[in-house]
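Close look at the chain arrangement
Residues per chain are reported as follows:
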Amino acid sequence: MRTDPDITPELIEALRDPATRDAGFDLLAERCIRPLYRHARRIVAVHEDAEDVVQETFVRAYDRIGSFRGGAGELRAWLWRIATRAALTALRRRRRHPFASLDEVSRELAGRMEELCGPDADRELVRFRQAVMELPLRQRLVFDLRYREERSYREIAEVLGGRAETHRVNYHHAVETLKKRLKCEL
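Presented here is a report on the structure given in the accompanying data block. (Residues numbered from 1 in each chain as written. Predicted model: local features only at pLDDT ≥ 70, side-chain atom pairs only at ≥ 80, totals over all residues. Heavy atoms only, no water.)

The next point concerns the pattern of salt bridges. Tallied over the entire structure, the rule returns twelve salt bridges. The shortest N-O distance in the salt bridge between arginine 148 and aspartate 144 comes to 3.1 Å. Placement of both arginine 148 and aspartate 144 in helix α8 (residues 137-148) is noted, with a separation of four residues, approximately one turn of the helix. Of the charged contacts in the structure, one is a salt bridge between arginine 168 and glutamate 165, with a shortest N-O distance of 2.9 Å. Of the two residues, arginine 168 and glutamate 165 both sit in helix α10 (residues 164-184), three residues apart, roughly one turn of that helix. (Salt bridge = Lys/Arg side-chain N within 4 Å of Asp/Glu carboxyl O. Helix = DSSP H or I, 4+ residues; strand = E, 2+ residues; numbered from the N terminus.)

A word on the nonpolar core. If you look at the biggest cluster of nonpolar residues, it comprises 57 residues, and the most contacted ones within it are Leu28, Leu75, Leu79 and Leu91. Looking at this core, the element that brings in the most residues is helix α4 (residues 72-93), giving twelve residues. Once residues within four sequence positions are removed from consideration, leucine 28 is found in contact with Ile7, Leu11, Leu15, Leu75 and Leu79. (Core = buried A, V, L, I, M, F, W, Y, C linked by side-chain atoms within 4.5 Å. Buried < 20%, exposed > 50% of the residue type's maximum accessible area, 1.4 Å probe, protein only. Contact = heavy atoms within 4.5 Å.)

Now for the layout of surface pockets. Volume-wise, the largest pocket comes out at about 290 Å³. Along the walls of the largest pocket sit 14 residues, with Arg41, Arg42, Met113, Arg129 and Arg148 positioned nearest its centre. Of all elements in the fold, only α2 (21-44), α6 (113-117), α7 (123-133) and α8 reach the threshold of two or more residues within the lining of the largest pocket. Looking at the lining of the largest pocket element by element, the count peaks at five residues for α7. Class assignment for the residues of the lining of the largest pocket results in seven nonpolar, no polar and seven charged. (1 Å grid on protein atoms, 1.4 Å probe; cavity = no way out; pocket = protein on both sides within 12 Å on 5 of 7 lines; lining within 4 Å. Points joined across faces, edges and corners; volume = space filled by probe spheres on them. Nonpolar A, V, L, I, M, F, W, Y, C, P; charged D, E, K, R; others polar.)

Moving on: the environment of histidine 47. Following the sequence through the fold, histidine 47 ends up in helix α3 (residues 47-64). Along the chain, histidine 47 and leucine 116 lie 69 residues apart, while their C-alpha atoms are 8.1 Å from each other. Not counting residues within four places of it along the chain, the set of residues in contact with histidine 47 comprises Tyr37 and Arg41. Of note is the side chain of histidine 47, whose polar atom sits 2.6 Å from the side chain of tyrosine 37. (Polar contact = N/O pair within 3.5 Å; in protein donor to acceptor, adjacent residues only side chain to side chain.)

Once that is clear, we can look at the packing of helix α1 (residues 9-16) against α2. Two elements in contact, α1 and α2, have axes separated by 7 Å at closest approach and are oriented at 135 degrees. Taken together, the axes of α1 and α2 lie oblique to each other. Our pair here, α1 against α2, has a crossing hand that is left-handed. Taking contact as the criterion, the partners of Leu11, Ala14, Leu15 and Arg16 in α1 are, on α2, Arg21, Gly24, Phe25, Leu27, Leu28 and Arg31. Split into classes, the residues belonging to the contact of α1 with α2 amount to six nonpolar, one polar and three charged. (Axes fitted to C-alpha atoms, helices over the stretch in contact; angles between N-to-C directions. Parallel < 35°, antiparallel > 145°, perpendicular 65-115°, else oblique. Left-handed = near helix turned anticlockwise from the far one by under 90°.)

Aromatic ring pairs are defined here through the distance separating the ring centres and the angle between the ring planes. Applying the stated rule across the entire model yields eight aromatic pairs. Each ring, one from phenylalanine 25 and one from tyrosine 62, has its centre 5.1 Å from the other, and the planes form 75 degrees; the classification is edge-to-face. With phenylalanine 25 in helix α2 and tyrosine 62 in helix α3, the pair connects residues that are 37 residues apart, well separated along the chain. Put simply, the rings of Phe128, Phe143, Tyr147, Tyr153 and Tyr171 pair up and form one aromatic cluster. Across the ring face of tyrosine 153, the terminal group of arginine 146 is positioned such that the distance to the ring centre comes to 4.2 Å. (Phe/Tyr/Trp six-rings, centres within 6.5 Å; stacked < 30°, edge-to-face > 60°. Lys NZ or Arg CZ within 6 Å of the ring centre and 35° of its normal.)

Structure follows, in structure tokens:
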């Protein structure tokens, strides 16, 4: 279910005015912290890393908010782009050796999914999360934004860069891979 933060034209104006920028930014953070945390957590899997990603996202956004000139949709995409990049940086820090790929880091986290979700987590949900974490990184990012956050391919392109059609293909491959993996495990 898509839960977009309420970014109103009034909030955008408050962010543009130096006199109200801090209060506007506080309101923006209040409205965006949970959805950004969920987005970051799906990428990095570890609670503490996701918290760090969100903190880094807001620090970077605050430093640059004075020069932001877009509307609500652009602001959302901008924040998610910052969070995605910060999350990928957090994944890079988890590499055991400098030449390990982010896909290898993701597979390692997938192997720890039961531990990361806790003992009371639904087993089917853990299997699903594990299967998603094992996807190639680009497919996983597109899958999370499309399936879990219900973003359009155009919005995904704004967050990740690239073309909407490319993301459509990545999403299709992700879904097919998940169908095969989850069917085999039943």
